[in-house]
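# Structural description and commentary
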Amino acid sequence: MNPELQAGLVGRVLDHLAAGTTDMAPAERAVAAGRYLSAARYQVEQQALFRGLPLVLGEASAIANPGDFITTDDYGVPLLITRDAAGTVHALLNACTHRGSLLTTAARGCGKQAFTCPYHGWVFANDGRLRHVTHGACFPETEKDRHGLVAMPVAERHGLIWVGLEPGRPLDVARFTAEAAADLDWLELADCVAFRPFTVTCRSNWKLVVEGFVEQYHLYYAHPRVTSAYYSDAVVIDRLGPHQRLVAPRSTMASQAKVGRHRWRLRPVASIAYYLFPNTMVIAHPDHVALVRIVPVTVDSCTVHWTMLIPRAASDATWTPHWERARESHLTTFAEDVALTDGIQAGMQGGAVPDTVIGRNEWGVINCIDSIDGYLDALGQTL
Ligand code: FES
Ligand SMILES: [Fe+2]
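Residues numbered from 1 in each chain as written. Chains lettered and ligands numbered in written order. Predicted model: local features only at pLDDT ≥ 70, side-chain atom pairs only at ≥ 80, totals over all residues.

Residues spaced three or four apart along an α-helix point in a common direction, a consequence of the helix completing one turn every 3.6 residues. Among the residues of helix H3 (residues 39-50), those classed as buried are Glu45, Leu49 and Phe50. Seen along its axis, H3 keeps its buried residues to an arc of 70 degrees; they face one direction. Facing away from the buried side of H3 by over 90 degrees, the exposed positions are Ala39, Ala40 and Gln43. The inward-facing, buried residues of H3 contact strand E2 (55-59) and strand E18 (289-298). (Buried ≥ 20, exposed ≤ 12 C-beta atoms within 10 Å, placed from the backbone. Helix = DSSP H or I, 4+ residues; strand = E, 2+ residues; numbered from the N terminus. Arc of directions from axis to C-beta. Contact = placed C-beta atoms within 7 Å.)

See the structure below:
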């Protein structure tokens, strides 16, 4: 993000702080509980969003070197993500083409040029090619060239790994992230590494969890422990295509009012939350980034993968206590959110909450709804 844009955002925040205002939606919005309860709607979302769009699978530094790999079964699809000898990333179905066994149950590994199936010993290179068939004479019609692992669309961009979960469908991440690209590159995620990621199981629809990240309104009431670090209600919001940037000023923002505009810098004095359509948050704090992936499991449950990305240059053991404190704060704050969203889902399921209303000061939520429903509408999937 160039200095001029940073100064512009700081200026908008300072104006809000001086006036006691915040960016607001033109109107409030009624939202029926069916949005979070309907199994039919959930199926449409699965097909249109989670089989059709580029999805963030994780940070590229998780497989920094040739021979590194990670596995995941997010979205109900077992994937083996590898980096081959040439440095190219592959997203392969973690399913042997003989009888379908998982090739590996390890969550991650390194130095792996090939995977030997644990069932009957077929060997696959880390780019997916079938290298060896045991008792090959028994498979006279099986051509090795046609029995490599199924490759899913994949891209490495902005320091993140993106996948598509429909084989053969082109993945145009550059176009998908165009409006957010300069911001994402500014975060230099390729130079960051994960610090002790954690996973949380939520008993709520995935969208309720996403919506907790795109409004600041609840901070003062739900997270009293961290409110002193922020100005509560002043948020600056910009839509970046289907994505969003939400700037929440930290208490250090006031210092900017005392220095000249040419010295205004955003990152040290704000938390900048990027909503990456449809289900990823990239939240830039002054010295690290939280990558939060909200993965639907059923209509009323989701899995949240939370990864603190810290600068590689500040990742040695002397930094560990500092990052542990930040991690503890994330864990505690998110547990507060999950208790609330789990409760909302239970209330909706019991019929206690037939309708909700989103305020003008919850504009980020309205933008999320518009991004999702606008995309579904454009596909003709009217709900
Ligand atoms: S299932 Fe993999 S070798 Fe048989
Ligand atoms: Fe929250």
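Now that the structure has been shown, we can carry on.
It is worth spelling out unusual backbone geometry at this point. Negative phi is the rule for most residues except glycine; trans is the rule for most peptide bonds. Geometrically, the link from Phe277 to Pro278 is a cis peptide bond, its omega value of 5 degrees lying close to zero. Examined against the element boundaries, Pro278 turns out to sit in the loop between strand E16 (270-276) and strand E17 (280-284). Despite not being glycine, His158 shows a phi value in the positive range, around 60 degrees. With respect to the secondary-structure elements, His158 resides in the loop between strand E11 (154-157) and strand E12 (160-163).

Another aspect to go through is the sheet that holds E16. Overall, antiparallel pairing links the seven strands, which are arranged E13-E19-E18-E17-E16-E15-E14 in an open sheet. The open sheet has two edge strands with one neighbour each: strand E13 (192-202) and strand E14 (236-240). Taken over all neighbouring pairs, the strand axes of this sheet differ in orientation by 15 degrees on average, direction set aside. As paired strands, E16 and E17 are joined by five bridges and run antiparallel to one another. Bridging across to E17, Ile272 finds its partner in Ala284. Most of the contacts of helix H8 (residues 320-349) go to E13, to which it runs at about 25 degrees, and overall it touches E13, E18 and strand E19 (301-311). (Pairing = 2+ DSSP bridges. Axes fitted to C-alpha atoms, helices over the stretch in contact; angles between N-to-C directions.)

Considering the arrangement of structural elements, one finds Val56 in strand E2. Owing to 22 C-beta atoms within 10 Å, Val56 belongs among the buried residues under this scheme. Taking the C-alpha atoms as reference points, Val56 and Cys368, 312 residues apart in sequence, are found 17 Å from one another. Setting aside chain neighbours within four positions, we find Val56 in contact with Leu160, Trp162, Leu276, Thr280 and Arg293.

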